[in-house]
Amino acid sequence: MEIIYNQRQRRIQFNSPAQTIGVAAAAVMLTVGTDASSVTIKWALSLLLNHPKVLEKAQTELDAQVGTERLVDEHDLSNLPYLHNIISETLQLYPAAPMLVPHELSDDFHRDPNVWDDPTSFKPERFEGLQVQPSRLVPFGMGRKSCPGSDLAQRVVGLALGSLIQSFDWKRIGEEEIDLAEGTRVSMPKAKPLEKTYFRN
Ligand code: HEM
């Protein structure tokens, strides 16, 4: 591909309209991919705030595997199965890019009671011992057109979520549970923004 910088007009040109469309589409996908990852982190934190015992278990795993002197890094991820289970369960319940998959027939495929026991409950334990590969999760799509960013997304979400769990003791502001209503953008954000109080002893 030939990319030309047009100095007078101060803009980058591609040598065909098809290339321009291709590069624009890639930029959109990268933006949507980044958005999907950050939306997934917010859903995971919201679910953890509503399930303090799961949060405590994740913190215990991080403290045992990584310790309290440093933040989680990429090499630790393979030793943090429970953190992965939380991410898998979050993606099953709130897949961050449902509107990217126009060829999916059922909008509730990720909560199918024929596939998942008690599908609407947040139970990361259901993935225990399953060795789930990110690319095999339905929220990343299936087959040849499945998400090429699934591995990256799992790492980014794992590192960000792990660091947030390590660094703060997350608590809800009051007794009331976090509202888990779904918004309507492409990456299915939370309808209501996540508010929280947090501290780490
Ligand atoms: C939690 C985060 C993410 C989720 C849930 C997600 C989900 C999806 C889904 C459902 C598709 C459509 C698959 C299909 O058509 O069957 C898709 C496509 C795609 N995703 Fe992701 N994605 C995420 C993160 C990312 C990241 C981080 C990147 C890249 C940096 C990325 C790049 C792409 C690209 C380029 C496509 C289009 C593939 C094609 O049409 O051939 N995604 N993603």
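The name that an unreviewed UniProt entry assigns to the protein chain is Cytochrome P450 81Q32-like, with the source organism given as Coffea arabica. Taken from UniProt, the Subcellular location (unreviewed entry) comment for the protein chain reads in full: "Membrane".

Draft legend 1. View of unusual backbone geometry. Residue D118 is not a glycine yet carries a positive backbone phi of 50°. Residue position: D118 is located in the loop between α3 (81-93) and α4 (150-167). C-beta crowding within 10 Å serves as the criterion here: with 9 such atoms nearby, D118 is assigned to the exposed category.

Draft legend 2. Looking closely at the environment of C147. Checked against the element boundaries, C147 lands in the loop between α3 and α4. Put simply, C147 and G33 are 114 residues apart on the chain and 9.0 Å apart in space, counted from C-alpha to C-alpha. Discounting residues that sit within four places of it in the chain, C147 has contacts with F140 and G141.

Draft legend 3. A look at the site of the ligand. If you check the shell around the ligand, you find 23 residues, and the closest are G33, A36, G141, C147 and G149. Going through the elements one at a time, α1 (17-50) and α4 are the ones with two or more residues in the shell around the ligand. Examining the composition of the shell around the ligand, we find that six residues originate from one element, α1, more than from any other. Taken together, the residues of the shell around the ligand sort by class into 16 nonpolar, six polar and one charged.

Draft legend 4. View of α4. Given a rise of 1.5 Å per residue, 18 residues ought to cover 26 Å, and the 25 Å separating the end C-alpha atoms of α4 matches this to within 8%. Buried within α4 are the following residues: A153, Q154, V157, G158, L161, G162 and I165. Across the axial projection of α4, the buried residues extend over an arc of 145°, all falling on one side.

Draft legend 5. Structural detail: α3. With 13 residues, α3 extends 18 Å from end C-alpha to end C-alpha; this agrees with the ideal 18 Å at 1.5 Å per step. Among the 13 residues that make up α3, ten are buried, leaving the element largely enclosed by the rest of the structure. Of the positions making up α3, those classed as buried are L83, N85, I86, I87, S88, E89, T90, L91, Q92 and L93.

Draft legend 6. Summary view of the nonpolar core. Core analysis: the largest hydrophobic core is formed by 32 residues, its most contacted members being A44, L48, A58 and I87. When residues of this core are traced back to their parent elements, those giving at least two are α1, α2 (52-65), α3 and α4. The greatest single-element share of this core, amounting to eight residues, is contributed by α1. The contact partners of L48, leaving out residues within four places of it in the chain, are V54, L55 and W170.

Draft legend 7. Region of the structure containing the confidence of the model for the protein chain. Averaged over every residue, the pLDDT of the protein chain is 81; the share at 70 or more is 77%. Averaged pLDDT values over the elements of the protein chain bottom out at 61 in strand β4 (residues 197-199) and peak at 97 in α2. Here the prediction assigns the complex a pTM of 0.81, and the interface score ipTM is 0.96.

Draft legend 8. Quick look at the packing of α3 against α4. Relative to each other, α3 and α4 sit at 115°, their axes nearing to 10 Å. Regarding the angle of α3 to α4, the classification is roughly perpendicular. For the pair α3 and α4, the sense of crossing is right-handed. Taking contact as the criterion, the partners of L83, H84 and I87 in α3 are, on α4, Q154, V157, G158, L161 and G162.

Calculation rules
- Residues numbered from 1 in each chain as written.
- Predicted model: local features only at pLDDT ≥ 70, side-chain atom pairs only at ≥ 80, totals over all residues.
- UniProt positions renumbered as here; feature names shortened; annotations may be inferred.
- Helix = DSSP H or I, 4+ residues; strand = E, 2+ residues; numbered from the N terminus.
- Buried ≥ 20, exposed ≤ 12 C-beta atoms within 10 Å, placed from the backbone.
- Contact = placed C-beta atoms within 7 Å.
- Near = placed C-beta within 6 Å.
- Nonpolar A, V, L, I, M, F, W, Y, C, P; charged D, E, K, R; others polar.
- Expected span 1.5 Å × (residues − 1).
- Arc of directions from axis to C-beta.
- Core = buried A, V, L, I, M, F, W, Y, C linked by C-beta atoms within 7 Å.
- pLDDT = per-residue confidence, 0-100.
- Axes fitted to C-alpha atoms, helices over the stretch in contact; angles between N-to-C directions.
- Parallel < 35°, antiparallel > 145°, perpendicular 65-115°, else oblique.
- Left-handed = near helix turned anticlockwise from the far one by under 90°.

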